[in-house]
Amino acid sequence: MKVFMFYDTDITGWEEYDITGDDYRELMSTCCKYGKTMAFTIMAPDGISYVNELEKFAVDKEANIKEVSIRYGYPGQKFQPYVRYYRVCPELCELLTSMTDSIFKLLFGGGQTNPEDPTFYRADGSVFFSSVIHEGEITLYPREDEDVSNIVSKPHWTEKEV
């Protein structure tokens, strides 16, 4: 299986990369095309933008979904992060592209107040796209019949065999 990774920096940490504008919209559109359910990590619901707008798409986690989102927090933290699942539909996809114009702004911190770490799951519960935004990494897990060539042909994507 081929996996495609994108990092927000080069190996030295001096160069910074992002997926923005039309490239971001194309990435979200492709994730919506192949995804049935998506998830966000909610770090602090009182301070996060779009929580109310997202709630109308909220669904329970299906039994076939293996959670891959990372819940990071620290002992004694007032609020412990949680993962929330959403039904993928055209209205949700439109919201995703209106929330920000950059994949690495889907973050709660660094001046951003967005839900974090979008993950898209196929109907069978397998992962199509995952991210750890605060670490600056995103991953596509396309199957042979899922065309991501226009996305991964752009600079800074790396291909790995798993």
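Structural data are supplied above this passage.
Worth saying up front: this structure is predicted, and the values here are computed from it rather than measured. (Residues numbered from 1 in each chain as written. Predicted model: local features only at pLDDT ≥ 70, side-chain atom pairs only at ≥ 80, totals over all residues. Heavy atoms only, no water.)

A word on the packing of helix 1 (residues 21–34) against helix 3 (residues 90–99). Relative to each other, helix 1 and helix 3 sit at 155°, their axes nearing to 10 Å. Viewed along their axes, helix 1 and helix 3 adopt a mutual orientation that is roughly antiparallel. Pair helix 1 / helix 3 crosses with right-handed handedness. Counting all contacts with helix 1, which are made through Tyr24, Arg25, Met28 and Cys32, the residues of helix 3 involved are Cys93, Leu96 and Thr97. Looking at side-chain class alone, the contact of helix 1 with helix 3 contains five nonpolar, one polar and one charged residues. (Axes fitted to C-alpha atoms, helices over the stretch in contact; angles between N-to-C directions. Helix = DSSP H or I, 4+ residues; strand = E, 2+ residues; numbered from the N terminus. Parallel < 35°, antiparallel > 145°, perpendicular 65-115°, else oblique. Left-handed = near helix turned anticlockwise from the far one by under 90°. Contact = heavy atoms within 4.5 Å. Nonpolar A, V, L, I, M, F, W, Y, C, P; charged D, E, K, R; others polar.)

Bringing the pairing of strand 2 (residues 37–42) into the picture now. Judged by how many residues are buried, strand 2 sits mostly within the fold: six of six residues are covered. Burial along strand 2 is two-sided: the residues Thr37, Ala39 and Thr41 and Met38, Phe40 and Ile42 are all buried. Bridging between strand 2 and strand 4 (residues 82–87) involves six bridges; their strand directions are antiparallel. Among the inter-strand pairings, Thr37 is bridged to a residue of strand 4, identified as Arg87. Looking at chain direction, strand 2 and strand 7 (residues 116–121) are connected through four bridges and run antiparallel. Residue pairing across strands places Met38 opposite Phe120, the latter belonging to strand 7. (Buried < 20%, exposed > 50% of the residue type's maximum accessible area, 1.4 Å probe, protein only. Pairing = 2+ DSSP bridges.)

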